[in-house]
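Breakdown of the fold
Take a look at the letters that make up each chain.
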Amino acid sequence: MVDTKPVVFFVLGGPGSGKGTQCAKMVDQYGFAHLSAGDLLREEVILLFHFISLIDQKQRDSGSETAQLINQYIVEGKIVPVEITCQLLKKGMEKKGWAEKRFLIDGFPRNQDNFDGWDRVMGDLVEVPFVLFFDADEETMINRIMERSKTSGRNDDNIESLKKRFDTFKKETMPIVDLFDSNGKTQKINALRTIDEVFEDVKKAFEPYL
Ligand code: UP5
Ligand code: MG
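Residues numbered from 1 in each chain as written. Chains lettered and ligands numbered in written order. Predicted model: local features only at pLDDT ≥ 70, side-chain atom pairs only at ≥ 80, totals over all residues.

1. Let's talk about the UniProt feature "binding site: ATP" (unreviewed entry) in the chain
When the UniProt feature table is mapped to this numbering, "binding site: ATP" (unreviewed entry) covers Gly16, Ser17, Gly18, Lys19, Gly20, Thr21, Arg148 and Arg193. By the secondary structure assignment, serine 17 is in the loop between strand E1 (7-13) and helix H1 (19-30). Contacts of serine 17, omitting those with residues within four sequence positions, involve Phe134, Ala136, Met141 and Ala191. Note that glycine 20 resides in helix H1. Not counting residues up to four positions away in its chain, the partners in contact with glycine 20 are Ser36 and Asp106. (UniProt positions renumbered as here; feature names shortened; annotations may be inferred. Helix = DSSP H or I, 4+ residues; strand = E, 2+ residues; numbered from the N terminus. Contact = placed C-beta atoms within 7 Å.)

So this is what it looks like as structure tokens:
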């Protein structure tokens, strides 16, 4: 039987390591489908706040509670409960169509809870050949994010939230990168060079799938 499972590549790296930038290039040049878990969570907050005025009191309370909860997690650099994130990712994948066989899931799984939650819901439905990991030092990433903060409008692009994001990344996300690595499933990319130089290595990592 032909295996029709979609292929999912997780894309991990610290804040500002270039996950979104490189995924966008893969979409433009090779037609991969890109889902950023962070973007989906930010959109969900906007959507929930927007629709709150249109729905009844009970739904309104629960919607506003969820939006506030996601917002709080993001500002504190903490990881949103997997039930919320995984559901958004699954919906996002379905919206793009399962026929779209190559997904880049950016910024997820960020901890063991994410990993286990994904495995429960999606484990049997998709193949995950490897994790792409963008390796950069903290100083470079801080400079990039602080520059971006001038225009991003993101409520976590400030030095207080950024410190917390780094802390969470080191404590909770690096063990996941190491876990994939111990199974020979982490492709590490030096993310300190120019965007185009980094992209050359990204293309090499995906060569069998282009
Ligand atoms: N830039 C990029 N590459 C460059 C290069 N090679 N040289 C020079 N400049 C470069 O890039 C950041 C900036 O750097 C841009 O201005 C870019 O031009 C420049 P970008 O590609 O945006 O980096 P990225 O790694 O995507 O950084 P991002 O800030 O998005 O990473 P985070 O992991 O911090 O953010 P994310 O959106 O994934 O998550 C935000 C929060 O959501 C988390 O902290 C968490 O609270 C929550 N979250 C969850 O709870 N669960 C999830 O599963 C996902 C998110
Ligand atoms: Mg990003």
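2. Things to note about the site of ligand 1
Near ligand 1 lie 31 residues; those nearest to it are Pro15, Gly18, Ala37, Gly38 and Gly107. The set of elements that each furnish at least two residues to the shell around ligand 1 consists of H1, helix H2 (37-52), helix H3 (57-75), helix H6 (138-152) and helix H8 (195-206). A per-class count over the shell around ligand 1 returns 11 nonpolar, 13 polar and 7 charged. (Near = placed C-beta within 6 Å. Nonpolar A, V, L, I, M, F, W, Y, C, P; charged D, E, K, R; others polar.)

3. With respect to the nonpolar core
Within the largest apolar cluster, 34 residues are counted, with the highest numbers of intra-cluster contacts made by Phe10, Val11, Leu89, Phe103, Leu104 and Ile105. Those elements giving two or more residues to this core turn out to be E1, H1, strand E2 (33-36), helix H4 (82-96), strand E3 (102-106), strand E4 (131-135), H6 and helix H7 (159-182). Once you skip the residues sitting within four places of it in the chain, isoleucine 105 turns out to touch Val8, Phe10, Val11, Leu35, Ala37 and Leu89. (Core = buried A, V, L, I, M, F, W, Y, C linked by C-beta atoms within 7 Å. Buried ≥ 20, exposed ≤ 12 C-beta atoms within 10 Å, placed from the backbone.)

4. As for the UniProt feature "binding site: a ribonucleoside 5'-phosphate" (unreviewed entry) in the chain
Residues annotated in UniProt with the feature "binding site: a ribonucleoside 5'-phosphate" (unreviewed entry) correspond here to Arg42, Lys78, Ile79, Val80, Gly107, Phe108, Pro109, Arg110, Arg154 and Arg165. Considering the arrangement of structural elements, one finds phenylalanine 108 in the loop between E3 and helix H5 (112-122). Judged by C-beta crowding, with 29 C-beta atoms within 10 Å, phenylalanine 108 ranks as buried. Overall, the presence of 22 C-beta atoms within 10 Å leaves arginine 110 in the buried class. Those residues in contact with arginine 110 that sit more than four places away from it in its chain are Ile79, Glu172 and Thr173.

5. Considerations on the pairing of E1
Counting buried positions over the 7 residues of E1 gives 6, a clear majority of the element. Of the pairings in the sheet, the one linking E1 to E3 comprises 5 bridges and is parallel in character. The partner of phenylalanine 10 across the bridge, within E3, is isoleucine 105. Looking at chain direction, E1 and E4 are connected through 4 bridges and run parallel. The partner of valine 11 across the bridge, within E4, is leucine 132. (Pairing = 2+ DSSP bridges.)

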